[in-house]
There are 2 protein chains.
Amino acid sequence: MPKIDRDQLEDICVTALQAAGTSEADARVVADHLVDNDTLGHHSHGVLRLREYVDAIDRGELIPDAGPRIVTESASTAQIDGNWAFGQVVAEFASDLAIEKARTAGIGSVTIRRVKHIGRLGRYAEKAAGRDMASIIFTCGGGHGINQAPFGGTERRLNSNPVAMSFPSALEGPYLMDMATSVVAEGKVRMYRFRGEQTPTGWILDSDGNPTTNPADFYEGGTILPLGRDEGHKGYALAFMVDLFGGVLSGGGIPGDPTDSFSNDSMIIVLDPQRFVPIDEAKRRASIMTEHIKDTRLRDESRPIMYPGEIEARARTANRDKPIELVEATWEGILSVLRQFSIPSGRWHVVG
Amino acid sequence: MPKIDRDQLEDICVTALQAAGTSEADARVVADHLVDNDTLGHHSHGVLRLREYVDAIDRGELIPDAGPRIVTESASTAQIDGNWAFGQVVAEFASDLAIEKARTAGIGSVTIRRVKHIGRLGRYAEKAAGRDMASIIFTCGGGHGINQAPFGGTERRLNSNPVAMSFPSALEGPYLMDMATSVVAEGKVRMYRFRGEQTPTGWILDSDGNPTTNPADFYEGGTILPLGRDEGHKGYALAFMVDLFGGVLSGGGIPGDPTDSFSNDSMIIVLDPQRFVPIDEAKRRASIMTEHIKDTRLRDESRPIMYPGEIEARARTANRDKPIELVEATWEGILSVLRQFSIPSGRWHVVG
């Protein structure tokens, strides 16, 4: 597998994105997000996406030199039109605005619409926590990327509609929840297919509505089930709420009335803990709770209990200085983007 | 089973609560909540609780003539001390305040602590939706009522930590999610034991940490698992976040550092949809989405797809004018409270 240093990989992305019409500042935002996700091992949201983003630009769905615009605003709320700019650029702008509102008003709620793939929600949630804020993020697909069945149904009707929440901590990383409201995100099913493995029972139905463990069945008209399996009414309810908060309130798209193309319509809520308790006291008490919860007899001695976000925090620390390994297909995608813009790849140092 | 009209049952509760030292106004709030939950079929949060509440008063844990006090407040936030008053009284006060803040500031976030059992979260969420507001509610047990294992653990460390969300609708009832973040609420396990039935696999572990389907094992030192079964890291993360938002930010109790007695420490977030889209437009688009999601091939033809909250809306309509049937033990509990205060039960008309 090709191996490349983080800085080099980021530079490739910045160069390619600029060639595709993105400003240097925006290209840096997007490249940083992509490479950071690879660093964390979340390759489905990593540089693998570069080819897809450039394709979206070529189709006119993503406007690389567009930027977000505030449509309506109050001290604690704002609705933002993304103008089909890069999702990362729009969502960074929106989370900065929500953080600012939380700082001045105690709590801020900002929606975004007409916005391409915003990537890993955890990134925005981590940023809020890093600034001593708590956050709740609801993200839908604007009526696109439909892959989840409602509870009791056998056909796709909802996006995997992720939810993220974060809270400041005194630990290695912030408290971070970042999860699809479907039993798994589509990327996981894709990984099983890629590796030629069967998916666990309870994840997917085939196109006839029958349970299956063959990941290919999902791609041939099947569907992913909601989080919770037999208690899937809970995951389904969460997914439904994400479309209401993220899709309806953003003025974006919804199942049954989608936007022109895929749009990560979202609501970002940021809350200042200091309006409630001093921040050091909040962190101290969160640590007491964390320690108490972790100190529990284990199901499997080799798998300690983690606080939400601990996996990401550890991965970031462990992989900070390591080169990033890319699967061949991802590297090929990057090379094809470079070729498209006649950028010689020899400028960067790649091993393997 | 004893049957009694709604009004009569409410009157019994008001009379008993007043005899226990509650003002008429507060007694009416609590009685209305309890009877409404029985009307919806949520008997675990119904008049069954009367005996428990009076016991808490007798122990000095619940102060029947206390009321909530605002500790800190801003245009969009408030922290409330419940002063160990009735949970329903405190949570009604807090949700009214959060609704008022949402109306004036766009979004309001209010915490409560030192507050007894607040009952069914959905009640407060429904109220917000009925006033054309959206809501998110996080409720923990102040470090008490610990019955859920962290993902990967085999011992109880968290409360069932429920989460509720609501959104206004143009349908029979509001959109309403109201769920434990454990795979099931403890009340469901109790029902299985009461009926002498085995619980589904994947709900509980026994005191040795082994999976079991015997509900009695839970009560002998076992634990309930988090929502999600094999994907229980998601339910666990949600449960963890509930303790951070509801427990840490309320200044209340947490696992590892509990309050003096059980306290439904919570955060209630209310948001005005009109800051984002006109309310009729929001409801219209939510209806389009609802219709689209419901129109899905079913797994079981006899079980149509419901929108979140539809079960409650239908139950309220169907049971509005029906007498409430109580199991013998619940009725006995009520009679014992009446006896305690020397109130003759003959004043009310009970059948069976």
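Our subject is the structure that appears above.
Residues numbered from 1 in each chain as written. Chains lettered and ligands numbered in written order. Predicted model: local features only at pLDDT ≥ 70, side-chain atom pairs only at ≥ 80, totals over all residues. Heavy atoms only, no water.

1. Section: the packing of helix H2 (residues 24-39) of chain A against helix H4 (residues 87-105) of chain A
All names here are of chain A.
Logical step 1: Viewed as axis vectors pointing N to C, H2 and H4 meet at an angle of 95 degrees, and their least axial separation amounts to 8 Å. Of the possible angle classes, the one that applies to H2 and H4 is roughly perpendicular. Side by side, H2 and H4 meet where Asp26, Val29, Val30, His33 and Leu34 of the first sit next to Gln88, Val89 and Glu92 of the second.
Logical step 2: The class makeup of the residues in the contact of H2 with H4 is 4 nonpolar, 2 polar and 2 charged. (Axes fitted to C-alpha atoms, helices over the stretch in contact; angles between N-to-C directions. Helix = DSSP H or I, 4+ residues; strand = E, 2+ residues; numbered from the N terminus. Parallel < 35°, antiparallel > 145°, perpendicular 65-115°, else oblique. Contact = heavy atoms within 4.5 Å. Nonpolar A, V, L, I, M, F, W, Y, C, P; charged D, E, K, R; others polar.)

2. Considerations on the relation of the copies chain B and chain A
Logical step 1: Superposition of chain B onto chain A requires a rotation of 180 degrees combined with a translation of 0.0 Å along the rotation axis, giving an RMSD of 0.0 Å. Look at the turn and shift together and you get a two-fold axis relating the two. Minimal C-alpha separation from the rotation axis in chain B is found for Gly228 of chain B, amounting to 2.0 Å.
Logical step 2: A high fraction, 100%, of the interface residues of chain B reappear at the interface in chain A, so the copies pair face to face through one surface. (Least-squares fit on C-alpha atoms with pLDDT ≥ 70 in both.)

3. Brief notes about the environment of Pro2 of chain B
Logical step 1: Take Pro2 of chain B: it is sitting in the segment before strand E1 (3-4).
Logical step 2: The contact partners of Pro2 of chain B, leaving out residues within four places of it in the chain, are Ile324, Glu325, Leu326, Glu328, Trp331, Val350, Val351 and Gly352 of chain B.

4. Here we look at the sheet that holds E1 of chain B
All names here are of chain B.
Logical step 1: The strand order across the open sheet built from 3 strands is E12-E1-E13, with neighbouring strands paired in antiparallel fashion. Across the chains shown, the open sheet's two edge strands, defined by having one partner strand only, are strand E12 (324-325) and strand E13 (350-351).
Logical step 2: By the bridge criterion, 2 bridges tie E1 to E12 in an arrangement that is antiparallel. Across the sheet, the residue bridging to Ile4 is Ile324, located in E12. (Pairing = 2+ DSSP bridges.)

5. Examining the packing of aromatic side chains
Logical step 1: Using the criterion set out here, one finds 16 aromatic pairs over all chains in the structure.
Logical step 2: For the ring pair Phe167 of chain A and Phe245 of chain B, a centre distance of 5.9 Å and an interplane angle of 70 degrees mean the geometry is edge-to-face. One end of the pair, Phe167 of chain A, is in strand E6 (residues 163-167); the other, Phe245 of chain B, is in helix H8 (residues 232-248), on a second chain. Of the two residues, Phe167 of chain A and Phe245 of chain B, both sit in the buried class.
Logical step 3: Each ring, one from Tyr236 of chain A and one from Phe240 of chain A, has its centre 5.9 Å from the other, and the planes form 85 degrees; the classification is edge-to-face. Taken together, the residues Tyr236 of chain A and Phe240 of chain A, both in helix H8 (residues 232-248) and 4 residues apart, mark about one turn of the helix. One exposure class covers both Tyr236 of chain A and Phe240 of chain A, and it is buried.
Logical step 4: Among the aromatic side chains, those forming a connected cluster through ring pairs are Tyr175 and Tyr307 of chain A together with Tyr236 and Phe240 of chain B.
Logical step 5: The side chain of Arg195 of chain A reaches across the aromatic face of Tyr192 of chain A, ending 5.2 Å from its centre. (Phe/Tyr/Trp six-rings, centres within 6.5 Å; stacked < 30°, edge-to-face > 60°. Buried < 20%, exposed > 50% of the residue type's maximum accessible area, 1.4 Å probe, protein only. Lys NZ or Arg CZ within 6 Å of the ring centre and 35° of its normal.)

6. Let's talk about the packing of helix H1 (residues 6-19) of chain A against H2 of chain A
Residue and element names in this part refer to chain A.
Logical step 1: In contact at an axis separation of 8 Å, H1 and H2 are set at 140 degrees when each is read in the N-to-C sense. Of the possible angle classes, the one that applies to H1 and H2 is oblique. Crossing geometry of H1 relative to H2 is assigned as right-handed. Counting all contacts with H1, which are made through Arg6, Leu9, Glu10, Cys13, Val14, Leu17 and Gln18, the residues of H2 involved are Glu24, Ala27, Arg28, Val30, Ala31, Asp32, Val35, Asp36, Asp38 and Thr39.
Logical step 2: Taken together, the residues of the contact of H1 with H2 break down into 8 nonpolar, 2 polar and 7 charged. (Left-handed = near helix turned anticlockwise from the far one by under 90°.)

7. Concerning the environment of Glu92 of chain A
All names here are of chain A.
Logical step 1: Within the element layout of this structure, Glu92 appears in helix H4.
Logical step 2: Residue classification places Glu92 among the buried residues on the basis of a relative accessible area of 13%.
Logical step 3: With 68 residues separating them along the chain, Glu92 and Glu24 place their C-alpha atoms 16 Å apart.
Logical step 4: In this structure Glu92 touches Val29, His33, Arg123, Tyr124 and Lys127, once residues within four positions along its chain are discounted.
Logical step 5: Side chain to side chain, Glu92 and His33 meet in a polar contact 2.6 Å long. (Polar contact = N/O pair within 3.5 Å; in protein donor to acceptor, adjacent residues only side chain to side chain.)

8. Considerations on the interface of chain B and chain A
Many structure descriptions define interface size as the accessible area lost when the parts assemble.
Logical step 1: Taken residue by residue, the interface counts 89 residues in chain B and 89 residues in chain A.
Logical step 2: Taken together, the two surfaces of chain B and chain A that pack against each other cover about 7,500 Å², and 69% of this comes from carbon and sulfur.
Logical step 3: Our count for the chain B to chain A interface comes out at 4 salt bridges.
Logical step 4: Inspection of the region where chain B meets chain A yields 36 residue pairs in polar contact (both at pLDDT 80 or more).
Logical step 5: Among the elements of the structure, strand E3 (77-85), strand E4 (107-115), strand E5 (134-139), strand E6 (163-167), strand E7 (175-179), H8, strand E11 (266-271) and helix H9 (279-294) of chain B are those that each provide at least two residues to the side of chain B that touches chain A.
Logical step 6: Here the side of chain B that touches chain A takes 10 residues from H8 of chain B, the largest share from any one element.
Logical step 7: Residue composition of the side of chain B that touches chain A, by class: 50 nonpolar, 24 polar and 15 charged. (Buried area = accessible area lost by both parts, 1.4 Å probe. Salt bridge = Lys/Arg side-chain N within 4 Å of Asp/Glu carboxyl O.)

9. Quick notes on the pattern of salt bridges
All names here are of chain A.
Logical step 1: According to the stated counting rule, one finds 58 salt bridges over all chains in the structure shown.
Logical step 2: Glu126 is the salt-bridge partner of Arg120, the closest N and O atoms lying 3.1 Å from each other. The pair Arg120 / Glu126 is uniform in exposure class, with both members buried.
Logical step 3: One network of salt bridges, in which partners are shared, links Arg6, Glu10, Asp32, Asp36, Arg120, Arg123, Glu126 and Arg316.

10. Remarks on the sheet that holds strand E9 (residues 211-212) of chain A
Logical step 1: Taken in spatial order, the 3 strands make up an open sheet running E9-E8-E10 (chain A), and their pairing is antiparallel. The outermost strands of the open sheet, each flanked by one partner alone, are E9 and strand E10 (223-224) of chain A.

11. Structural notes on the pairing of strand E2 (residues 69-73) of chain B
All names here are of chain B.
Logical step 1: Here E2 runs beside E3; their pairing, made up of 4 bridges, is antiparallel. Within E3, the residue paired with Arg69 across the bridge is Asp81.
Logical step 2: A loop of 3 residues connects E2 with E3, the two strands running antiparallel in sequence.

12. Re the nonpolar core
Logical step 1: Core analysis: the biggest nonpolar cluster contains 76 residues, and Phe138 and Phe245 of chain A together with Phe138 and Phe245 of chain B have the highest contact counts within it.
Logical step 2: Ignoring any residue separated from it by four or fewer positions in sequence, one finds Phe138 of chain B in contact with Ile136 and Met165 of chain A together with Pro162, Val163, Val242, Phe245, Gly246, Asp265, Ser266, Met267 and Ile269 of chain B. (Core = buried A, V, L, I, M, F, W, Y, C linked by side-chain atoms within 4.5 Å.)

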